[in-house]
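Close look at the chain arrangement
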Amino acid sequence: EDKVVQSPLSLVVHEGDTVTLNCSYEVTNFRSLLWYKQEKKAPTFLFMLTSSGIEKKSGRLSSILDKKELFSILNITATQTGDSAIYLCAGVIQGAQKLVFGQGTRLTINP
Amino acid sequence: EPEVTQTPSHQVTQMGQEVILRCVPISNHLYFYWYRQILGQKVEFLVSFYNNEISEKSEIFDDQFSVERPDGSNFTLKIRSTKLEDSAMYFCASSGGSGSGAKQQYFGPGTRLTVT
């Protein structure tokens, strides 16, 4: 069964800290991995990772994929209260139309 | 920026009733999806739709559920004879371009379904 596991499930830090969120996957015929940020409702797209070892960056957020060890990390530097959200990662299966989601990491940034 | 929209934002229904959840995907997208998220649980795939037919469905998507694209813009999920355990947030998503498949799906804001 395809599985995506995220850790930690919950993380509370102070504004300005750097955080690393983890996502490991066991997905047959893996194609790519997606990161989403879920605030109040809709997951909003952050990154798509297909190739191993290539870092993707967007402002203070960055992410990388390791296809040998089957995991990805999402880094957020200089965190702000607006970064508080649930961060979801999802695996994409080759030839399939569905995303397989992890359970999410609830990140809370305290001022 | 184009976005996926969903209506209603919250639907309350009695057990045994039928509900229709509506979605307007991003206009040039070709792949459409429904997911659900039971409170406190993972987002789960229900069904994908391409070229006017279901392309993939999960075990959850049984005969109680159906999808339809009744016109060029709407994409609906019908749940017949609702059960208490159907209470969840239902997300519509779409992805675009020929051959893009499941890449980079854009999600709507969700419909919270409460079955009483």
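Residues numbered from 1 in each chain as written. Chains lettered and ligands numbered in written order. Predicted model: local features only at pLDDT ≥ 70, side-chain atom pairs only at ≥ 80, totals over all residues. Heavy atoms only, no water.

**Quick notes on the nonpolar core**
Among the nonpolar cores identified, the biggest contains 24 residues, and A:Val4, A:Tyr25, A:Leu33, A:Trp35, A:Tyr87 and A:Leu107 are the most heavily contacted of them. Among residues more than four places away in sequence, those in contact with A:Leu33 are A:Cys23, A:Tyr25, A:Phe47, A:Met48, A:Leu49, A:Leu65, A:Ser72, A:Cys89 and A:Ala90. Residues B:Phe49, B:Phe61, B:Leu77 and B:Ile79 belong to the second largest nonpolar core, which totals 22 residues. (Core = buried A, V, L, I, M, F, W, Y, C linked by side-chain atoms within 4.5 Å. Buried < 20%, exposed > 50% of the residue type's maximum accessible area, 1.4 Å probe, protein only. Contact = heavy atoms within 4.5 Å.)

**What to know about the environment of A:Asp66**
All names here are of chain A. Along the chain, the position of Asp-66 falls in strand 7 (residues 61-66). Along the primary structure Asp-66 and Gly-53 are separated by 13 residues, whereas in three dimensions their C-alpha atoms are 6.0 Å apart. Sequence-distant contacts of Asp-66, defined by excluding residues within four places in its chain, comprise Tyr-25, Ser-52 and Phe-71. Polar contacts involving the side chain of Asp-66 include one to the main-chain amide nitrogen of Lys-68, which spans 3.0 Å. (Helix = DSSP H or I, 4+ residues; strand = E, 2+ residues; numbered from the N terminus. Polar contact = N/O pair within 3.5 Å; in protein donor to acceptor, adjacent residues only side chain to side chain.)

**Considerations on the state of the cysteines**
When the sulfur atoms of two cysteines share a covalent bond, that bond is a disulfide. Applying the stated criterion across every chain yields a total of 2 disulfides over all chains. Paired through a disulfide, A:Cys23 and A:Cys89 show a sulfur-sulfur distance of 1.9 Å. Its S-S torsion of about 75° marks the bond between A:Cys23 and A:Cys89 as right-handed, since a negative value means left-handed. Here A:Cys23 is found in strand 3 (residues 19-26), whereas its partner A:Cys89 is found in strand 9 (residues 85-93), with 66 residues between them in sequence. A:Cys89 sits in the buried class, given a relative accessible area of 0%. Residue B:Cys23 pairs covalently with B:Cys92 via a disulfide, S to S 1.9 Å. Classification of the bridge connecting B:Cys23 and B:Cys92 rests on its S-S torsion, roughly -60°, and on that basis the disulfide is left-handed. Pair noted here: B:Cys23 is in strand 3 (residues 19-24) and B:Cys92 is in strand 9 (residues 88-96), with a separation of 69 residues, a long-range link. (Disulfide = S-S within 2.5 Å.)

**Some words on the environment of A:Lys68**
Along the polypeptide, A:Lys68 turns up in the loop between strand 7 and strand 8 (71-76). With 16 residues separating them along the chain, A:Lys68 and A:Ser52 place their C-alpha atoms 8.0 Å apart.

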